[in-house]
Structure formats: structure tokens, C-alpha cells
Amino acid sequence: MKKEKLFIVLLSCILLMGCADQKILERIGLVTLIGYDVEEEEKISATVVIRQINPEFQSKVEVQTETENTSKGTRISIDRKTAKQIAAGQLRVVLFGEDLAKKSIEHPIHTFMMNNEISTSIYLAVVRGDAQSLLAYPYENVTDVGQHIYNLIDHNIEQQQTISSTLHEIVRDDYSDVRNFALPILLKKGENIQLDGIALFKKGKMVGELPANDIFYIMIMTNKLDNGTVELTLDGETLNNNKFKDEQLQIAVDSIKTKRKIKVVNSKQNEFNLTVNMDCRLLEIDSKVSLTDPKVYEDIERAMSEKIKKEMMKTLKYSQEVDSDIYGFGEQFRSQVRDSNLTEEKWSELFQNMKVNFDVNVEIVRNGVFE
Amino acid sequence: MFRDIKKKSSPTNQAEKDKPKEIPIPTSKLEFLKKIKEETNEPADLIVKKISESITIVFLDFLIDQNTLNEQILTTLEKMNDATPNIIKENLLISEVDLTSELNKSIFEMLIGAVLIHVEGQSELVIAKISSYQSRGLTAPENESQVIGSQVGFNESLPTNISLIRRYITNPNLCNEKFMLGKETNTSISVLYIKGIASEQNVNTVRQRIKELEISDLLDSAVLAELIDDNSFSIFPQLLLTERPDRFSDGLLSGKVGIIVNGSSMGILSPYTFVEFFQSREDQNLRWPIATFVRLLRFAAIFISIFMTPLYVAALTFHYEVIPQPLLVPLSESRSIVPFPPIIEALFLELIIELLREAGARLPTKVGQTIGIVGGIVLGTAAVQAGITSNILIIIIALCALSSFTTPNYLMGNVIRVVRFPIIVLAGFWGFYGVMFAFCMILIHLIRQSSLGVPYTAPIYPPRWRDWPDSIVRLPLPFINRQSIINKPKNSNTTEEEKVNK
Amino acid sequence: MRTALQINNNEKINASLLFFVVLSTQIGVGIHGFQRIIVEDVGNSAWISVILATLFSHIAVFFMIKTLKLYPSNDLYGIHQEIFGKYFGNFLNLIYITYCSFAFYTVIRNYIEVINTWVFPNLAQAFISVSLLILVIYAFTGGLRVMVGVCFFSFMVSLWILVIVFFPLKYAHYNHLLPLFHTDFISLIKGAYSMTFTIVGFEIINVIYPFAKEKEKASKYVHLGLLFTMVVYLIIIVISTVYFSEAQLKKTVWATLTLFSVIKLPFIERIEIITICFWLIIILPNLCLFAWSAYRGVIRIKKIKETTFILVFSVLILIANIPILTRAQINRFDHYFSQIAFYIVFFYPFLLYMIALSKKLLKKRERSN
């Protein structure tokens, strides 16, 4: 009996001691998207999209903006304005205004990594202009701008139409000495929000941008492509066909499998060989081209290889100009050359003087049910 | 009912004191009748019949077979006028006849169902045992039904039940030991086991535990099970109670020790481990892939039943980050109309389901079914519309309740339902940590538990790899060892290891 | 021999269960953040350090078992008393008991820290300790069989984590592993040394060996357990190396938990919250068996009942948990502990074996003279 009494006393002590902080789902304001902009005097302005759970009201989200010194400071200020406590556990997307991106985003992402509430799979993106105007605008067709932007970025990443920019990958590349990251750019155009391009970063600052169509070539060079669709304009001369001598042939292909290999050929002079083997599927081509002739395929393949090579060279040259290695050449160098002892500055120098020999082999595997 | 229950008390002194004095039988008829009426407090069903000048018979009405009495005893006795008890005993065409010179023993026999024949001037009585009493006809067992398989269940009469078992096991090694328990009720119980298959150790343990019991009455086998098990404080049953003779026989053939109590339609089997509570006879009747699927379904059902509601409560109260995005909107919208925190909502709904279930069990069948349906659907919908609960929680709770009914054993099903409540409370206060704490607590409790000395979690732990094919899954017959090691049988292989399908 | 143990046959455990015992006592709280410590010294060849550390542990176990075999049916405490006499032997036993208690305290401390950082920032530390201690007391009072059962079930129930840990490979950059073999040997040894905190736990066989049924098979299972732990650590360190970049890894305090953060299953996200709460059952065997080995030592010095011991022990741990330590203090404490553990677990068995062997040889020479 003595043992039982002791046990009961102990039990009651425990019950009095431990109180975990409750965060009941419908009593907290779930932040699904945050947009950061830079304000004067080093202050940071946060626009927060909070999910509202009131079936009677029409608008599903509440958008709040505050300007403070730190992002936690903005959270405190927003708490003072909202009916429910703010909780960031369901955060999915973070947007940065263009000015903030050009200044530096290293501080915000460091804050996110420190926070245990926030998952490392959130998406980051840059907004042309400032985030607040994109988020606060009363869209006609979009009821939940947070969910909308998340779905927009998510399905494009699935289809490999834009670069995957989870927080984990960004932080990983940011802290790696020999690699840089890129973020998608969002643009508000009328009633729509669209992905407008890719922003290249160096040391957390935005240094350049590429048009959205170039994603295909970026993806090939980073060896992540197995699903992308691209539209190519082939020059008539490369086709070796009388019909198209002076014209351009528009085709659309869907890639089935892409393999790319980077090899360091000459480490002293920083020369790489980039080999791309691409199996693709022909989606759309001018109906005058007769697809029953196997020689036509060879011509198209050759023309495609040339075009892709040209475009990749162009993209790479631009990246070298802005000194942003998003493709992983630095990592390849470090992994293939022993004792390379690469530092950030050393690689930066090497990258800008890098020479790459492209070799593209395209093979059209399938082409639809009607020839 | 439990006035005088003593387990393992000091042995002989108490017994000596309680043993009644031996009263000799009075030789005079009038004295004898007076003594009998005094000892039995003159019950209304005591019948005294004078056969002749010297012979009198006494018996209790409705406890004896009237036909035998009239045709055999009365006709024979009429012809014997001056017979001694010995001659009467030899001439009576009854299978069980006895002579006694103790009054208490004869009264006891009369209470079971015997006719006492007193001869004037003799101090010995003839006891003719011709008991017969009404018992329920054999019907299908109510609480353990199977889709395919035999449909006969035990009833409340001990001889009938033993005869049912003997029909399944026609084996001279089936031993039957009789005990009488309960000071006031003198209930007879039978301990059954198959010599050569059951281990001596198990039989001795059961025997010893029964002998050490000192209780005032014993009305049901469930009470006996609780008295002789290893740990009465535990929520988990350690002995199986079954209504099915085929399950009982299956247990005996695997080396278990069975107990049947007179007056109860449930037989006890021991030792029984946790995994075995989720096995049903039907698994042997079905083909092995289906049986394996059904067993795995049952195990999945336990986990769903115990943990789904607490996980829901924990996720919604503390860990909103765990909810994936597509679920977020429906969950939060259905919760937004509820004024209570999730733990109150969950406990409230669980309580309603338990009330429905309990009410449904007590009501007569026709009304019970209607209440079940009405209660379930109407109450559920009305509760959602009134804003007391959310849709999703109703689905979860209904799923949990359904899962808890898949256990083939009623006792274990109850355990699962009840164990859920403390876990919900823990989840409501300490989230996933609380759920994990409860899980560890239950796990340690199961590991600590033993059933008649056998570890409760056998054969999973201590791992007996040979028994794994028939525990959680049911592999085809050539792989299954008939005698599981937990029953410590003498010969562990019934058949030699030959392939069944040649 | 008067210090030898008399153990009934039904108190003994099967030798195959030693596999689970070693496995579950090794994997505890070290696995949460060990990557950072190794990568500091070794960079992307951390996986080689893991293999090296396991090699050293195999050697240490080899010597431990050899010493135990010299004195049949005796555990480490008895061997100390045999070799060094009663007083010095008990002094050494006291050191070992203190070591076990410190190991217990370290595990609880680190786990409370993880829970407070990741899941419940405001939950009272005393509450977590009390709940853990309740579980330990409940398992402890059931005896060795129950504690080994906890080890067994802890392994079986946690296997799903090994499957889930492959999901982050979606973001893997395998060239992080290259170039291979470019770090010098000294750094690799340093890396293996930093793994001490993570890999200790197998010294439990010092105390549990006499309880094993088939002694010949026991060493096989212990080595198998060490091997399996190596596989687990190897998987985690390789996945961490290809998933994180090196500089990022050096800044991530609990890399294994951050790994789980990115996994998205259809019905559940943020697996790390579930995994951290689930870790309760993974550290439970560690706690139980450390307390038990301390108990086995204490009864050599003074005979006390099991329940008294565990209650006093729990109260002491509770008192030790009252001061709230900062992250830096806990780091420092872990560092001290791993230094002590290195000497007791890796260095000392070798020494002890030499002393025991020489003593046996001396005795044999005396007898033959």
C-alpha cells in the first residue's frame, strides 16, 4: 500500500508540472506565405498571408504587412493586429522582393534554418517589384494567393519548367564554396501571377537573370532533366533539306531521358568536356515534313543537337559573365581533381575563365500516333 | 459476492475447522426424517415417500429423473420388504448406487440429485444417483461466431460440455479431474488436459492454484479465471474464455489445460499469450493467403483502433505542422464550428459510442438493432450539425470502433476499447510525446505480463522462430508446427517432417 | 570462487538476444548530431571514420570477451574484485558505476534538449525526466528479461525509420563523396575518436555476459550487433554527406533530424516531429541497461533491493536534472563524457586483459612450482 501511495503522489506531481503549449489547429493563424521587402534604414518589411478558417466569409486569406528590424519583430507586430496567434509551421513559400534579393537574402534564410517550426522543404522565389503589391492585390480568380503561388511553383517544379528552389537546396548551395543557387522569378501580369524567369545569385545576392525558356538548358547542364518539354526553332540550313533552306522549323520535343557527363579534361587550364545524351519524343512538327523517311530524323536530330549546343553555350556564357555557377561545375572540379583545394575566390576566377567543349547527341525515340 | 475470497491462505488449520462434524444416520425412521428436515431447513421441494413399513425414500423434487424413479426404484423397492441396504443396493437396476453412513454426505448427494432410501433399523443409507436437470438446448455460440465452421456452443451443464469435448477428442488420454469450489455453492469444476501433450508443469500449476483457492461462491468461469490468473490488476486477460468446443479442443490438442465450470457456458483455456488472442479457429478453416490477410488485418486493426483517435487529437492540438496541405482545409473548416478543444470533442464522442454499445448490449435484440442504427446515424449527423463535433472525427471514431470489433475474442476487444481512453487523455495533454509514452507503458506491461508462467508476448519475445509461422501470419500447413513451444509439450512434432502433398 | 555469480537457468537469456541488446544500447542520442563532429575533422571521408571506429569497437569487444572468458560466470565487477582485491577492486567498481550513471544522465539530458528545441519549447524539463524515469522504473522492476524484451521490441518497432531515411536521397548530390581517400590518416583517426560518444554502449556486455545461455555463440552475436550498428551509422553518414554540403553540415546541430524534415508522405509531413517523439522507445533500452549495470555493481558493494536502488537512483537523476543547462554547457559535458568513455571503453579492456592474463600466468607458474 505504501508503494501505491508513493506512486499516486508522484503522479499528481507530474500532472501539475508538465504543461505543453497548445496550438489547436483552428485557433491559430496559419501563415502559408511570407513576402519580404526591403525598406529604408535596414528595416525589413514582411507581408504575411494568413489562412482564414471561416466558411461564411468570402475571402479565404488575410494579408498583413509590417515593417520592423527583424523578421521576428514583424511577427510580433502582426500578432498585435490579428485575432489569432500567428504560427509559421505550415509555411510553404517565401517571396523576396527584387530589391531585397539584390541586397542579400542570406540573413532571412539563416533565420529560417534556425527556426525549428519551419520545414526545409519550403519554396523560395523572387518577385519583380516588391512582394507586397503582388500579395495584397485583390485578384479576381484567386481566393487564396498563398495556396495559388505554392501550387504554381510546385507543379512547375514537378514538370521541370522551373528550377527547384527548396530551402534545403538553397542553403546547401549557399554554404558550399563552389556552387551558387538560382531562384524562380514571379511577375504579376494583370490578373495572373506567372513565372517570368530565373534569377542567378552569388553569395546571396541576385546578380543576373535568365529568361524562363532557358530552363531547359539549365536543367540539362545540371543533369536534372527527365521530364521537360521544350520548343526549339531550328535553322533551315542545318536541316539539309531543300524545303526549309531559308526557313526555320519549329518543333516541340519532350525529353524522356537525359544523361549528362562533365569531365575535367585539363585541370590547369580549366577545361571541361560536357557530354549530353538525350532521348526525346517529338511532340509537334510542321505537317509538311514527312516523318516516314528515316533520313529526316537524322537531319532533325543533327539540327537539334546544334541548336541545343548553341543555346547552352549562350546560357553558360551569361552565367560566367555574372559569375554564378549554378550548374555544379565547381563541385565536379573538386570531386575529379585531387587536392584541388578550391576556395570561393579561386573557383570564381576559374569559373569565369572556364572553357567547355559541348557534345550533344539527340535521338528521337518516339513521335506520336499519327505520322 | 466477494465476501470471503482468499487466495493461497494458510492451508490446513482453516480447512480443519470448517469441516463439519460427521453425523451418523439415525436408525429410526422418524428420527431420520426429523434430522433431514432440520439439516435442510425443511425446503418446500423435499419429498418424503413411504414405500412400505420399513422403507422410506427422500428426495428433492425436480432434481431427479422421475421415470427412473417410478419404473426402476419404486417397482423394485415394493418387492423388498425386509431387505437390508446391501441387498437393496444389489437389486436396484440403477447404474450409480452407493451406501453411506454419514448424514452430511447423503444430504449433499440429495442436493445434487439422488434418492435416499432409508431402511428402518439400519444405520446405512442407500443413495441412488439419478440426477437429471433441465438445461438449455445446444445452440450456436452468441459471442464467437464464425462464417464457416461448426456452430455448436457450450451450455451451462457440465456433463453436456464434457460430452461435447469428448465428441471432438476421442482419446483415452483426455484426463478429467474434478474439483469442488466455493464454500456456499460447492460448484463442481473439471480440469481437462491430454496426457502426453500437456506439460506436467502447467497441469500442476493449474491444480495447485485451484486447490489454494478459498472462496465462498463461484458462479461463473470468468470469476475463476480472474482468481487463478497471474496478475489480477492487469487490464489484459491472461486466460481464454471460449464458448466454442472446437476452439477448446484445439487448445487441448496444443497442450493447453482447460477448465469447465458447472453452470457456466464458457470454458477456460490456459496458458494463453497475447498473439493467440487474435487468432480464430476460422483461420484454420480458410486457405492460407486469406487467413494470413485476415490475421494481418486484425493486427492492423488493433493499431488503428488504439492509436488513430489519439494521433488525431495530438496532431490537432499540438502538432499542426504534421498535417499535409490537402487535408488542412477540410480539417480546419470542420473543426472551426466546434467550440471545444479536440480532446474534449474526442472523449465526448468516444463516450457516446461506448454508451451506444453498452445500451445496445442490454436491450432486447429487436429494439437493440434499431437503437444502434438510429443512434449511430442520427446522433452523428445531428452532432455535426449542432456543431459539437466535426465530420472527420466521427469517421475516425467509427473506424476505430469497427476495428475493435474485429478481434475474435470479446474480452480482448473490450480491452482495446478501454485502453484507448487514457491514451486520448495523454495525447490531449502531451501530444505525440504522450502517445509514445503510453505506447511504451503498454509495451513494457505486456512484456512483464505472464500467463501461467509463460511470457505473455511469446512467441514474439522471447523469440521462438519456429512458432512465428503461425502467430501473426498463417503459413501453409506443412510449415506449421502443431505444438507451439509456449505450451511446453512433451513431443513437439506431431507428424514427422514429411511433405503433405507428395 | 567467491565472487562468481550464481545465476539460475531461467534468469538467463538466449545468446541471440545479445544482438538486440548491443544494437539498442549503442544507438541512442549520439546519432542525432554525430555528423557535424566527424565532418569537422574529416570532411567528406567521414564514412571511413565510421568504419574505423567500428573496427576499434570490435577490437575492444574482443578483449572484453577474452577477459570475461578467463573468469567463467563472472562479470566485470567480480573480475575487479578477483584481480585487485576487495578494496581497490571496489574502488574500480565505483568508477565504473559512476560511468554508467553518467551515461544515463547524458542520454536523458540530450534527449530533453532535443525535445525542448524541436517539439515543445516550453515543456518543463523535470516533467520529461519524470516520465522517462517512470518508464525506466517500470521496466527495471520487471527484471532483466523485461529489459532485454524492451531492447528487442525497440529494434523491431523502429525499423521503419531505416526505410524512411532513404527518402531525402531525392536531393542527393553523389559527387559530394568524391574524391575518395584524400584525407590523411591522422584526420581519419581523429574522426573515429570523435565518434566515441555515438558508438559506446556495447560495454554492457561486461555485465550481461554471465547471463547469456550459450557462451560460445555470445561473441558471435555481439559482433553481429556491432556490425549492424555500423551499417546503420554508415547509411546515415553517407546520406548526410550527399544531402548536405560540407559547410552546411558543419553548422547543422542535429543533422539527422534535419534530414527527416524534408520528407513528405501523402498523409503526413514533418516526419521529424514524429521521429523525435518516437525516439523515446529507442533510448529506453539505453537507460534501462545503464541503470541495470550500475545496479549490478552496487550490489557487489552492498546488498540492496532492486526497487530501493532504482528509486534512489531516479531521485538522484531528478535532482541532477534540475539546473537548466545551456546548449554550450551540454556540448561541453558531452565532450568530457566522450573523453572518459574513450578510456573506459576502448583503452581499459586491453589493459585489463593484460593484467588478468599476466595474473593467470603467474598463478599457473606458482602452481607448477
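Residues numbered from 1 in each chain as written. Chains lettered and ligands numbered in written order. Predicted model: local features only at pLDDT ≥ 70, side-chain atom pairs only at ≥ 80, totals over all residues.

Participant: Please clarify how the overall build of chain B should be interpreted in this entry.
Facilitator: Of regular secondary structure, chain B possesses 16 helices and 14 strands. Counting only C-alpha atoms and orienting by the principal axes, one finds that chain B spans roughly 100 × 60 × 45 Å. Out of the 502 residues in chain B, the part that is buried amounts to 37%. Taking the intrachain contacts of chain B between residues at least 6 apart in sequence as the baseline, contacts between residues at least 24 apart amount to 65%. (Helix = DSSP H or I, 4+ residues; strand = E, 2+ residues; numbered from the N terminus. Buried ≥ 20, exposed ≤ 12 C-beta atoms within 10 Å, placed from the backbone. Contact = placed C-beta atoms within 7 Å.)

Participant: Can you help me understand the interface of chain C and chain A in this one?
Facilitator: The partner chain A presents 23 residues to the 26 residues of chain C that form the contact. Counting only elements with at least two residues in the side of chain C that touches chain A, the list comes to helix H4 (76-118), helix H5 (125-140) and helix H12 (246-251) of chain C. For the side of chain C that touches chain A, the element with the highest residue contribution is H5(C), accounting for 4 residues. Its residues placed into classes, the side of chain C that touches chain A shows 13 nonpolar, 10 polar and 3 charged. (Nonpolar A, V, L, I, M, F, W, Y, C, P; charged D, E, K, R; others polar.)

Participant: Help me out: how do you make sense of the sheet that holds strand E7 (residues 174-181) of chain B in this one?
Facilitator: All names here are of chain B. Strands sit in the order E7-E8-E11-E12-E10 across an open sheet of 5 strands; the sheet is antiparallel. With partners counted over all chains shown, the strands left at the sheet margins are E7 and strand E10 (240-242), one partner each. The average angle at which neighbouring strand axes cross in this sheet is 25°, direction not considered. The pairing of E10 with strand E12 (residues 267-270) spans 3 bridges and is antiparallel. Pairing of Leu-241 across the sheet is with Ile-268, part of E12. Each of E7, strand E8 (187-194), strand E11 (257-261) and E12 is contacted by helix H6 (residues 158-168), which is oriented at about 10° to E8, the strand it contacts most. (Pairing = 2+ DSSP bridges. Axes fitted to C-alpha atoms, helices over the stretch in contact; angles between N-to-C directions.)

Participant: Can you help me understand the interface of chain C and chain B in this one?
Facilitator: The interface of chain C with chain B comprises 25 residues on the first partner and 17 residues on the second. At the level of elements, H5, helix H6 (144-157) and helix H14 (271-301) of chain C are the ones that each hand at least two residues to the side of chain C that touches chain B. Among the elements that take part in the side of chain C that touches chain B, H14(C) stands out by supplying 7 residues, more than any other. For the side of chain C that touches chain B, a count of residues per class yields 19 nonpolar, 4 polar and 2 charged.

Participant: What is the right way to read unusual backbone geometry from this model?
Facilitator: Note: most peptide bonds trans; most residues except glycine with negative phi. All names here are of chain B. In this chain, Ser-270 is followed by Pro-271 through a cis amide linkage whose omega measures -10°. Put simply, Tyr-461 and Pro-462 share a cis peptide bond, and its omega is -5°. Along the chain, Pro-462 falls in the segment after strand E14 (454-455). Positive phi, normally seen in glycine, also occurs at Phe-62, with a value near 70°. Structurally, the position occupied by Phe-62 is in the loop between strand E3 (55-60) and helix H3 (66-79). For Phe-62, a count of 12 C-beta atoms within 10 Å puts it in the exposed group. Phi at Leu-452 takes a positive value of approximately 55°, unusual for a residue other than glycine.

Participant: Whenever I open this one, the confidence of the model for chain B confuses me. Can you help?
Facilitator: Where the model shows low pLDDT, its predicted coordinates should not be examined in detail. Residues and elements named next belong to chain B. Across chain B, the average pLDDT comes to 82, with 91% of residues at 70 or higher. When the criterion is pLDDT under 50, residues 491-502 qualifies, and its contacts beyond four places in sequence or with other chains add up to 9 contacts. Scoring the predicted complex yields pTM 0.89 and, for the interface, ipTM 0.93. (pLDDT = per-residue confidence, 0-100.)

Participant: In this structure, what is going on with helix H4 (residues 106-114) of chain A? I would like to understand it.
Facilitator: Side chains three or four residues apart in an α-helix point the same way, a direct result of the helix having 3.6 residues per turn. All names here are of chain A. Along H4, the positions that sit buried rather than exposed are Pro-108, Ile-109 and Phe-112. Seen from one end, H4 has its buried residues packed into an arc of 95°, which puts them on one side. On its buried face, H4 is in contact with strand E1 (28-38), helix H2 (71-79) and helix H7 (167-175). (Arc of directions from axis to C-beta.)

Participant: Help me out: how do you make sense of the pairing of E1(A) in this one?
Facilitator: Along a regular strand, successive side chains alternate from one face of the sheet to the other. All names here are of chain A. Counting buried residues in E1 gives 11 out of 11 residues, a clear majority hidden from the surface. As paired strands, E1 and strand E4 (residues 85-87) are joined by 3 bridges and run parallel to one another. By the bridge assignment, Leu-30 is partnered in E4 with Ala-87. Pairing analysis gives 8 bridges linking E1 to strand E2 (residues 44-51), with the strands arranged antiparallel. Each residue of the ladder has a partner; that of Gly-35, found in E2, is Thr-47. Two successive antiparallel strands, E1 and E2, enclose a turn made up of 5 residues, where Glu-41 displays a positive phi of approximately 60°. Bridge analysis of E1 against strand E5 (residues 93-97) gives 4 bridges, and the strand direction is parallel.

Participant: Help me out: how do you make sense of the sheet that holds E3(B) in this one?
Facilitator: By way of backbone hydrogen bonds, the strands of a sheet pair with one another, either parallel or antiparallel. Residue and element names in this part refer to chain B. Taken together, 5 strands build an open sheet; the order of strands is E2-E3-E5-E6-E4 and the sheet is antiparallel. This sheet does not close on itself; its edge strands, each paired only once, are strand E2 (46-50) and strand E4 (97-100). Averaged over all pairs of adjacent strands, the angle between their axes in this sheet comes to 25°, without regard to strand direction. Alignment of strand E5 (residues 114-119) against strand E6 (residues 125-129), held across 5 bridges, turns out to be antiparallel. Note on E6: the bridge partner recorded for Leu-116 is Ile-127. Of the strands in this sheet, E3, E4, E5 and E6 touch helix H5 (residues 103-113), which is tilted by about 140° from E5.

Participant: Please clarify how the domain arrangement of chain B should be interpreted in this entry.
Facilitator: If you check the domain split of chain B, you get domain 1 (6-129), domain 2 (158-283) and domain 3 (287-448). For domain 1 of chain B and domain 2 of chain B, the distance between their C-alpha centres works out to 32 Å. (Domains from an automatic or database assignment.)

Participant: How do you make sense of the environment of C:His32 when you look at a structure like this?
Facilitator: All names here are of chain C. Here His-32 shows up in helix H2 (residues 30-42). Separated by 12 residues in sequence, His-32 and Phe-20 have C-alpha atoms that sit 20 Å apart. Leaving out residues up to four positions away in the same chain, His-32 has contacts with Val-114, Trp-254, Thr-256 and Leu-257.

Participant: I'm lost on the packing of helix H11 (residues 288-317) of chain B against helix H16 (residues 410-448) of chain B in this one. Help?
Facilitator: All names here are of chain B. In contact at an axis separation of 8 Å, H11 and H16 are set at 30° when each is read in the N-to-C sense. Seen along the crossing, H11 lies across H16 with a hand that is right-handed. Contacts between H11 and H16 involve Ile-302, Ser-305, Ile-306, Phe-307, Thr-309, Pro-310, Leu-311, Val-313, Ala-314 and Thr-317 from the former and Ile-416, Val-419, Arg-420, Ile-423, Ile-424, Ala-427, Gly-428, Gly-431, Phe-432, Gly-434 and Val-435 from the latter. (Left-handed = near helix turned anticlockwise from the far one by under 90°.)

Participant: Is there a simple way to explain the nonpolar core in this structure?
Facilitator: Soluble globular proteins: nonpolar side chains tend toward being buried together. With 293 residues, the main nonpolar core has C:Leu287, C:Cys288 and C:Ala291 as its most contacted residues. Counting residues per element, this core draws most heavily on H16(B), which supplies 19 residues. Setting aside chain neighbours within four positions, we find C:Ala291 in contact with C:Phe104, C:Val136, C:Phe140, C:Ile310 and C:Phe313. In terms of nonpolar packing, the next biggest core, distinct from the first, is built from 27 residues, B:Phe59, B:Ala83, B:Met110 and B:Ile130 among them. (Core = buried A, V, L, I, M, F, W, Y, C linked by C-beta atoms within 7 Å.)

Participant: How should I be thinking about the domain arrangement of chain A in this particular structure?
Facilitator: As a measure of interface size, the accessible area lost when the parts come together is often cited. All names here are of chain A. Taken as a whole, chain A is organised into domain 1 (24-211) and domain 2 (222-366). Here domain 1 and domain 2 have C-alpha centroids that lie 32 Å from each other. Contacts between the two partners involve 15 residues from domain 1, matched on the other side by 20 residues from domain 2. Within the residue set of the side of domain 1 that touches domain 2, elements represented by two or more residues are strand E8 (192-202) and strand E9 (205-211). Of the residues in the side of domain 1 that touches domain 2, the class split is 7 nonpolar, 5 polar and 3 charged.

Participant: Teacher, can you tell me more about helix H9 (residues 294-322) of chain A here?
Facilitator: Residues and elements named next belong to chain A. Here H9 contains 29 residues, and its C-alpha end-to-end distance of 43 Å stays within 8% of the 42 Å for a straight helix at 1.5 Å per residue. Listed as buried for H9 are Ile-300, Ala-303, Met-304, Ile-308, Met-312, Thr-315, Leu-316 and Ser-319. In this structure, the buried residues of H9 make contact with E8, E9, helix H8 (215-221), strand E10 (229-235) and strand E13 (355-366). One or two residues past the end of H9 sits Asp-323, with phi positive at roughly 60°. (Expected span 1.5 Å × (residues − 1).)

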